[in-house]
Amino acid sequence: MSAEDAQAPSAFALIGGERAVRELVDRFYDLMDLEPDYAGLRALHPPTLDGSRDKLYWYLCGWLGGPQHYIERFGHPRLRARHLPFAIGIAERDQWIMCMHQAMRELSMDESLADRLAAAFFNTADWMRNKGG
Ligand code: HEM
């Protein structure tokens, strides 16, 4: 890491800290619950989304460069392995990405930050694919 990187604010700071991450996660799951376009993605999740909300919130805080709430509770995320019970292909990946884009847009996140996060979310979501199509 260069000295410049060490001084750059984390995405966690830019987004607005824990409260903003929680807002993003809550909007993401509200949309997943409401929007017919994300019904396939919703169907993979448990009937109640409370646990999913907490886990994604804890995970994203650390993923964005903030506190490692998820690792403190569960250890190494092993995110791809934890997604193996769910069949994830292009359609599921794209619904996750579209749902997250919509959440960022509706919260009026700064556009350059949203673009940067969208690219990083895409890479992570694509890596989660575990079936063809
Ligand atoms: C590619 C499309 C994706 C699909 C279809 C998907 C689906 C799911 C499902 C069904 C669960 C289980 C929810 C529960 O047990 O309450 C889950 C858990 C989780 N997902 Fe995803 N996910 C995707 C992408 C992502 C991405 C991109 C991230 C992070 C940036 C992520 C982070 C998590 C986390 C942290 C959990 C909790 C893991 C655990 O501790 O059990 N997911 N996901």
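From a predicted model like this one, the values you see are computed outputs, not experimental measurements.

1. Comments concerning the overall build of the protein chain
The secondary structure content of the protein chain amounts to nine helices and zero strands. For 133 residues, the compact-globule estimate of 2.2 N^0.38 gives 14 Å, and the protein chain sits close to it at 15 Å. Once the C-alpha set of the protein chain is aligned to its principal axes, its extents read approximately 45 × 30 × 30 Å. Look at the contacts in the protein chain between residues 6 or more apart in sequence, and 71% of them connect residues 24 or more apart. Computing the positive centroid from 15 side-chain charges and the negative centroid from 19, the protein chain places the two 8 Å apart.

2. Topic: the nonpolar core
Counting 37 residues, the largest nonpolar core has Ile 15, Val 21, Leu 60, Met 104 and Leu 117 as its most contacted members. Of all elements in the fold, only α2 (11–15), α3 (17–34), α5 (50–63), α8 (90–106) and α9 (111–127) reach the threshold of two or more residues within this core. By residue number, the principal contributor to this core is α3, which donates eight residues. Excluding its chain neighbours within four sequence positions, the residues that come into contact with Met 104 are Leu 24, Met 109, Ala 114, Leu 117, Ala 118 and Phe 121.

3. Regarding the pattern of salt bridges
Tallied over the full model, the rule gives ten salt bridges. Among the salt bridges present, the one from Asp 33 reaches Arg 42, with a minimum N-O distance of 2.7 Å. With a closest N to O distance of 2.9 Å, Arg 93 and Asp 94 form a salt bridge. Look at Asp 94 and you get partly exposed, because its relative accessible area is 31%. Shared partners join several salt bridges into a network, and the residues in it are Arg 22, Asp 26, Asp 30, Arg 53 and Asp 54.

4. Looking at unusual backbone geometry
Located in the positive-phi region is Arg 78, a residue other than glycine, with phi close to 40 degrees. Considering the arrangement of structural elements, one finds Arg 78 in the loop between α6 (69–74) and α7 (79–83). Positive phi values are uncommon outside glycine, yet Ser 108 reaches one of about 50 degrees. Tracing the backbone shows Ser 108 in the loop between α8 and α9. Owing to a relative accessible area of 62%, Ser 108 belongs among the exposed residues under this scheme.

5. Details of α5
Helix length check: α5, at 14 residues, gives a terminal C-alpha distance of 20 Å against a target of 20 Å (1.5 Å per residue), a fit within 8%. Contacts from the buried residues of α5 go to α2, α3, α6, α7, α8 and α9. Two residues or fewer past α5, Gly 65 is found with a positive phi of approximately 100 degrees.

6. Comments concerning the packing of aromatic side chains
Counted by the stated rule, this structure contains seven aromatic pairs. Look at Trp 63 and Phe 121: their rings are 4.7 Å apart centre to centre, the planes differ by 15 degrees, and that puts the pair in the stacked class. Highlighted residues: Trp 63 in helix α5 and Phe 121 in helix α9, separated in sequence by 58 residues. Within the aromatic cluster, the residues linked to one another by ring pairs are Phe 28, Tyr 29, Trp 63, Trp 96 and Phe 121. Between Arg 73 and the ring centre of Trp 58, over which it is positioned, the NZ or CZ distance is 4.0 Å.

7. Considerations on the site of the ligand
Among the 21 residues in the neighbourhood of the ligand, the closest are listed as Leu 41, Ser 52, Tyr 70, His 83 and Trp 96. At 2.5 Å, a side-chain N or O of Ser 52 approaches an oxygen atom of the ligand. For the ligand, an oxygen atom lies 2.4 Å from a polar atom in the side chain of Tyr 70. Contributions of two or more residues to the shell around the ligand are made by α4 (39–44), α5, α7, α8 and α9. Counting residues per element, the shell around the ligand draws most heavily on α5, which supplies five residues. Counted by class, the shell around the ligand contains 13 nonpolar, four polar and four charged residues.

The rules behind the values
- Residues numbered from 1 in each chain as written.
- Predicted model: local features only at pLDDT ≥ 70, side-chain atom pairs only at ≥ 80, totals over all residues.
- Heavy atoms only, no water.
- Helix = DSSP H or I, 4+ residues; strand = E, 2+ residues; numbered from the N terminus.
- Rg over C-alpha atoms; globule rule 2.2 N^0.38 Å.
- Contact = heavy atoms within 4.5 Å.
- Lys, Arg positive; Asp, Glu negative; His and termini not counted.
- Charge placed at Lys NZ, Arg CZ, Asp CG, Glu CD.
- Core = buried A, V, L, I, M, F, W, Y, C linked by side-chain atoms within 4.5 Å.
- Buried < 20%, exposed > 50% of the residue type's maximum accessible area, 1.4 Å probe, protein only.
- Salt bridge = Lys/Arg side-chain N within 4 Å of Asp/Glu carboxyl O.
- Expected span 1.5 Å × (residues − 1).
- Phe/Tyr/Trp six-rings, centres within 6.5 Å; stacked < 30°, edge-to-face > 60°.
- Lys NZ or Arg CZ within 6 Å of the ring centre and 35° of its normal.
- Near = heavy atom within 4 Å.
- Polar contact = N/O pair within 3.5 Å; in protein donor to acceptor, adjacent residues only side chain to side chain.
- Nonpolar A, V, L, I, M, F, W, Y, C, P; charged D, E, K, R; others polar.

Take it as geometry only, folks, not as evidence of what the structure does.
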